[in-house]
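Observations on the model geometry
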Amino acid sequence: MKIIVTYDVKQILTEQSRASYFNKWQKERATLQQEVEHLQFEMKRLQKKRPADHTWIAEQFEKEIRSRTERISFLDFKVDQLEELSLGSEIHDGEIESIQHVQVGDQWYAREQKGKIVVKDGIVQSIVPDDKGKDITI
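Here's a quick rundown of the structure. (Residues numbered from 1 in each chain as written. Predicted model: local features only at pLDDT ≥ 70, side-chain atom pairs only at ≥ 80, totals over all residues. Heavy atoms only, no water.)

Of regular secondary structure, the protein possesses 3 helices and 5 strands. Each helix and strand of the protein, placed in order from N terminus to C terminus, yields the pattern β-α-α-β-α-β-β-β. Taken over 138 residues, the protein has a buried fraction of 30%. When contacts within the protein are restricted to residue pairs at least 6 apart in sequence, long-range pairs at least 24 apart make up 68% of them. (Helix = DSSP H or I, 4+ residues; strand = E, 2+ residues; numbered from the N terminus. Buried < 20%, exposed > 50% of the residue type's maximum accessible area, 1.4 Å probe, protein only. Contact = heavy atoms within 4.5 Å.)

Written out as C-alpha cells, the structure is:
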C-alpha cells in the first residue's frame, strides 16, 4: 500500500541563502507596491467616471489595497527577522509530500510523524523520515 507523508523543508541560513531570500522578498515587495499604486490609480479613475458610486468604489478598492499593504508589512517583518538570524539557523521553507510504501509488519508510529528535509545552498544535506527515525545524511 502507498500513503502520502508530509516532510517539512528546512533551509540552513548561509550568506548565499540570505541574499536569495532578500532578493526574492524585495521583488515581491516591489510587485505588491506597484499593484497598490495601480489600484489607487484605477480607484480614482472609476470614481471620476461614476461619481454616484464613489463610496462603494472606494470600499472595494480599499479592501484590495489593505490586503497588499498587509503583505508588504509582513515581508518587511520577514526581512527584519532574517537580518537578526545568525548563520547556520534553520528556516522553515515549506512542506512537500512524498509517497511511502507501507506493508504488514511496518512500524506505524513512524508514519504518524512529519519528516524533515534539510537543505543548504540548494543541496539536500539530510532527510529525517520522522521524529523517531534515523537521520539519512547525503
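Turning next to the environment of G122. Residue placement: G122 occurs in the loop between β3 (115–120) and β4 (123–128). On the basis of relative accessible area, G122 is assigned to the exposed category, the value being 65%. C-alpha of G122 to C-alpha of S17: the two residues are 105 residues apart in sequence and 8.4 Å apart in space.

Attention shifts here to the nonpolar core. Ranked by internal contacts, the top residues of the largest apolar core, which has 17 residues, are Y21, W25, M43, F61, L82 and I91. Of all elements in the fold, only α1 (15–49) and α2 (54–84) reach the threshold of two or more residues within this core. Residue contributions to this core peak at 8 residues, all from α2. Setting aside residues no more than four positions away along its own chain, Y21 makes contact with Q11, L82, I91 and D93. Formed by 7 residues, the second largest nonpolar core is a distinct cluster that contains Y7, V9, V102 and I117. (Core = buried A, V, L, I, M, F, W, Y, C linked by side-chain atoms within 4.5 Å.)

The subject of this paragraph is the pattern of salt bridges. A complete count under the given rule lists 6 salt bridges for this structure. With its nearest N and O atoms 2.7 Å apart, the salt bridge here joins R29 to D76. Of this pair, R29 sits in helix α1 while D76 sits in helix α2; the two residues are 47 residues apart in sequence, bridging distant segments of the chain. What you see here is one network of salt bridges that share partners, running through E35, E64 and R68. (Salt bridge = Lys/Arg side-chain N within 4 Å of Asp/Glu carboxyl O.)

Let us now look at the pairing of β4. Looking down a regular strand, the side chains alternate between one sheet face and the other. Bridging between β3 and β4 involves 5 bridges; their strand directions are antiparallel. Looking at the pairing, V118 lines up with S126 of β4. (Pairing = 2+ DSSP bridges.)

Let us now look at α1. The periodicity of an α-helix, 3.6 residues per turn, causes residues three or four places apart in sequence to face the same way. Between its first and last C-alpha, α1 extends 51 Å over 35 residues, near the 51 Å set by a 1.5 Å rise per residue. Buried within α1 are the following residues: S17, R18, Y21, F22, W25, L32, V36, L39, E42, M43 and Q47. Where α1 is buried, its residues contact β1 (2–12), α2 and β2 (90–101). (Expected span 1.5 Å × (residues − 1).)

Considering all chains together, one arrives at 1 aromatic pair under this definition. When the centroid spacing of 5.2 Å and the interplanar angle of 35° are considered together, the rings of Y21 and W25 count as tilted. Within this pair, Y21 and its partner W25 are both found in helix α1, separated by 4 residues, close to a single helical turn. For the pair Y21 and W25, a shared accessibility class is recorded, and that class is buried. (Phe/Tyr/Trp six-rings, centres within 6.5 Å; stacked < 30°, edge-to-face > 60°.)

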